[in-house]
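Fold and contact review
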Amino acid sequence: INNGLLGLGNVFGQDELMRELLGGLNDEWEPKVTAIEESNDLKTMEIEALLGSLMTHEVQLNKKSANLVETKPQEERRKDIALKSTHKEEMSSEKELEEE
């Protein structure tokens, strides 16, 4: 994206580019984005370091979600409930059938 913008004559600074990248992440990434913004000066941080940090976080998130699925018993993963629907009319007709 940055190279395409450079070709069009629009120049972003390194810190602006990183802020745009961090701003485009969804809410699941919010704690990591906050940690990066508070612990590093985005003007001096290299984009490769930022991407490496985000990729490491993504791997950790994927491992956590995989572990959660593996640790749940099969019965807990999928619960289907079947309920019998009865209406007052049906109940009265069933009573009539039983009486006959």
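Not measured: the values here are computed from a predicted model. (Residues numbered from 1 in each chain as written. Predicted model: local features only at pLDDT ≥ 70, side-chain atom pairs only at ≥ 80, totals over all residues. Heavy atoms only, no water.)

Focus: the overall build of the protein chain
Stated precisely, the cut-off is as follows: The secondary structure listing takes helices from DSSP runs of H or I that are at least 4 residues long and strands from runs of E that are at least 2 residues long, numbered from the N terminus. Here's how the labels work: a residue is buried when its accessible area is under 20% of the maximum for its type, exposed when over 50%, partly exposed in between, all with a 1.4 Å probe on protein chains only. Note on areas: these come from Shrake-Rupley sampling with a 1.4 Å probe, and a residue is covered only by the protein chains present in the view.
What the protein chain contains, in helices and strands, is 6 helices and 0 strands. Tracing the protein chain from N to C terminus, the helices and strands come up as α-α-α-α-α-α. When each of the 100 residues of the protein chain is scored for burial, the buried share is 12%. When the accessible surface of the protein chain is totalled, it reaches about 8700 Å², and 51% of it is carbon and sulfur.

Examining a nonpolar patch on the surface
Counted only if it meets this: A patch is a set of surface residues, each over 30% in relative accessible area and not in a salt bridge, joined within 9 Å for like charges and within 5 Å for the nonpolar side chains Val, Leu, Ile, Met, Phe, Trp and Tyr. Any carboxyl oxygen of Asp or Glu within 4 Å of a side-chain nitrogen of Lys or Arg constitutes a salt bridge here.
Where nonpolar side chains cluster on the molecular surface, the patch consists of Leu-21, Leu-51 and Met-55 and spans about 260 Å² of accessible area. Turning to its location among the elements, Leu-21 is positioned in helix H2 (residues 14-23).

Things to note about the confidence of the model for the protein chain
To keep it simple, the criterion reads: On a range of 0 to 100, pLDDT expresses the predictor's confidence in each residue.
On average, residues of the protein chain score 75 in pLDDT, and 67% of them are at 70 or above. At the level of individual helices and strands, the protein chain shows its lowest average pLDDT in helix H5 (residues 74-77), which scores 56, and its highest in helix H3 (residues 30-39), which scores 85.

Some details on a negative patch on the surface
Using the following cut-off: Only four residue types enter the charge count: Lys and Arg as positive, Asp and Glu as negative, with His and the chain ends excluded. Charge placement uses NZ in Lys and CZ in Arg. For Asp and Glu, CG and CD serve respectively.
Together, Asp-27, Glu-30, Glu-37 and Glu-38 give the surface a local cluster of negative charge. Classification of Glu-30 by relative accessible area gives partly exposed; the value is 42%.

Here we look at the nonpolar core
Rules: Residue types Ala, Val, Leu, Ile, Met, Phe, Trp, Tyr and Cys, when buried and joined through side-chain atoms within 4.5 Å, form a set referred to as a nonpolar core. The contact criterion used throughout is that any non-hydrogen atoms of two residues lie within 4.5 Å.
Formed by Leu-17, Met-18, Leu-22, Trp-29, Val-33, Ile-36, Leu-42, Met-45, Ile-47, Leu-50 and Leu-54, the largest nonpolar core amounts to 11 residues. Sorting the residues of this core by element identifies H2, H3 and helix H4 (47-71) as the ones contributing at least two each. Sequence-distant contacts of Met-18, defined by excluding residues within four places in its chain, comprise Leu-42, Met-45, Glu-46, Ile-47 and Leu-50.

Some details on the environment of Gly-23
Tracing the backbone through its elements, the reader meets Gly-23 in helix H2. Distance from Gly-23 to Val-33, taken between C-alpha atoms, is 8.3 Å for residues 10 residues apart in sequence.

Looking at H2
Our working rule: Working note: the arc is built from the helix axis to C-beta atom directions.
Looking at H2, one finds that the buried residues are Leu-17, Met-18 and Leu-22. Buried residues of H2, seen end-on, are gathered within an arc of 130° and therefore sit on one face of the element. Every exposed residue of H2 that faces more than 90 degrees away from the buried side is listed here: Glu-20 and Gly-23.

What to know about the side chain of His-57
For His-57, the position within the fold is in helix H4. When near neighbours in sequence (up to four residues on either side) are disregarded, His-57 contacts Trp-29 and Lys-32.

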